[in-house]
Amino acid sequence: MSQQSKERPDRNSVSRRKLLLGAGAGLGVTLAGVPFLTSSASAASAKDGSWCNPAQGYFPDGGHYGAPRGGVGHAGQDVTNSVGTALYAAAAGKVIRLGEGVLTGRTGNGLVISHGGGVYTYYGHLNAFRVKLNATVSAGQRIGDMGATGNVTGPHLHFETHSGGLGDTSDPVDFLSARGVALSGGWPAIDPGAGGETVKTIQYLMTQRGYELVADGDYGSTSQAAVKKFQKEKGLVDDAQVGPKTWPVLVYTLTGGDGNHVKGLQVALNKHSAGLRVDGDFGSVTEEAVRAYQGVNRLVVDGEAGPKTWEALVG
Ligand SMILES: [Zn+2]
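Residues numbered from 1 in each chain as written. Predicted model: local features only at pLDDT ≥ 70, side-chain atom pairs only at ≥ 80, totals over all residues.

Chemist: Can you help me understand helix H7 (residues 221-233) in this one?
Modeler: An α-helix turns once every 3.6 residues. As a result, residues three or four positions apart point the same way. The end-to-end C-alpha distance of H7, which contains 13 residues, comes to 18 Å, matching closely the 18 Å that a straight helix rising 1.5 Å per residue would cover. Looking at H7, one finds that the buried residues are Ser223, Gln224, Ala226, Val227, Phe230 and Gln231. Looking down the long axis of H7, one finds its buried residues gathered within 165 degrees of arc, a one-sided arrangement. Residues of H7 that are exposed and point more than 90 degrees away from the buried face comprise Ser221 and Lys232. The inward-facing, buried residues of H7 contact helix H6 (197-208). (Helix = DSSP H or I, 4+ residues; strand = E, 2+ residues; numbered from the N terminus. Expected span 1.5 Å × (residues − 1). Buried ≥ 20, exposed ≤ 12 C-beta atoms within 10 Å, placed from the backbone. Arc of directions from axis to C-beta. Contact = placed C-beta atoms within 7 Å.)

Written out as structure tokens, the structure reads:
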């Protein structure tokens, strides 16, 4: 982290301020009165790949956090799409509430995931659940279908982030942005030191690009050095952050074939519950998984893993 701070002082100080504003209450014990974060606190703000976008869609007018709702502020951010759109766990955790009206003042089918450390996410107005109460879920696992249950004017996901215990809501857009994720869609930002399935996808794609890496899901110094070289080669800022500028030149448009890029795709599909064997072969099973993913995320269903599909998959 210290190396990173030296390299990008501006970016880091911005994200730190954002964290203090966005999640200060939630992490008050560790953050209160600390102008520069300790290592444990900065870990909470890292764009470390542990968070992801819960739903593809758009922000409807008046659906923002804090919007007036009969005297109280809207507790979440609405994401609109059609009934049946896939909903994913925004991070790993445990489903601690599931059913109708599981939080005071919220209507329709909803569920709460506890992520530990006093952090919770809430998903409202579901048409269907795809997990059970007390289930342990991974980031990107499908947990339900978008719906219009409860007091709504149309189908959407009502998404909340609670960062200082259940009931202490924050703006979900800021909350996810501080963690490298654009709520409702967009390329994520993955920082050095990140870990997990999206890092594996990056490593497979880098290997296909000629920078042979072990796909261990650990964005350590070897992978960082390779990404910096790749960024330089492509005329990008070589900061090792895999963000909105790096992703589009890193991914491949895939309709078949085999190789490490296909393995990267299969890992990304598996993050969203596809259950594929990561064999690097873009056969009919993988194509079917791409089509299924496109269908439930309202993308063009053509079985081709192009930039839009990749963006949704890794976002
Ligand atoms: Zn709402």
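Having seen it, we continue.
Chemist: Can you help me understand the packing of helix H9 (residues 260-271) against helix H10 (residues 284-296) in this one?
Modeler: Two measures define how a pair of helices packs: the angle their axes make with one another and the distance between the axes. Where H9 contacts H10, the two axes come as close as 11 Å, and the packing angle between them is 45 degrees. The angle between H9 and H10 falls in the class oblique. Relative to H10, the crossing made by H9 is left-handed. In this structure, H9 uses Val262, Gln266 and Leu269 to contact H10, whose residues at the interface are Thr286, Ala289, Val290 and Tyr293. Classifying every residue of the contact of H9 with H10 by side-chain character gives five nonpolar, two polar and no charged. (Axes fitted to C-alpha atoms, helices over the stretch in contact; angles between N-to-C directions. Parallel < 35°, antiparallel > 145°, perpendicular 65-115°, else oblique. Left-handed = near helix turned anticlockwise from the far one by under 90°. Nonpolar A, V, L, I, M, F, W, Y, C, P; charged D, E, K, R; others polar.)

Chemist: I keep staring at the nonpolar core and nothing clicks. Help me out?
Modeler: In globular proteins that are soluble, nonpolar side chains generally tend to be buried together. If you look at the biggest cluster of nonpolar residues, it comprises 36 residues, and the most contacted ones within it are Ile190, Met206, Leu269 and Leu313. Within the residue set of this core, elements represented by two or more residues are H6, H7, helix H8 (247-250), H9, H10 and helix H11 (307-314). Those residues in contact with leucine 269 that sit more than four places away from it in its chain are Ala274, Leu276, Ala289, Val290, Tyr293 and Leu313. Formed by 31 residues, the second largest nonpolar core is a distinct cluster that contains Ala91, Leu98, Tyr122 and Ile143. (Core = buried A, V, L, I, M, F, W, Y, C linked by C-beta atoms within 7 Å.)

Chemist: What's the story with the environment of valine 79 in this structure? I'm lost.
Modeler: When you line up the elements, valine 79 lands in strand S3 (residues 77-80). Through-space distance from the C-alpha of valine 79 to that of tyrosine 58 is 5.3 Å; in sequence the pair is 21 residues apart.

Chemist: How should I be thinking about unusual backbone geometry in this particular structure?
Modeler: Note: most residues except glycine have negative phi, and most peptide bonds are trans. Of note, asparagine 134 is a non-glycine position whose phi angle comes to about 75 degrees, a positive value. Take asparagine 134: it is sitting in the loop between strand S8 (128-129) and strand S9 (136-137). We classify asparagine 134 as exposed; it has 10 C-beta atoms within 10 Å. The phi torsion at arginine 298 lies on the positive side, around 60 degrees, for a residue other than glycine.

These figures capture arrangement, not role.
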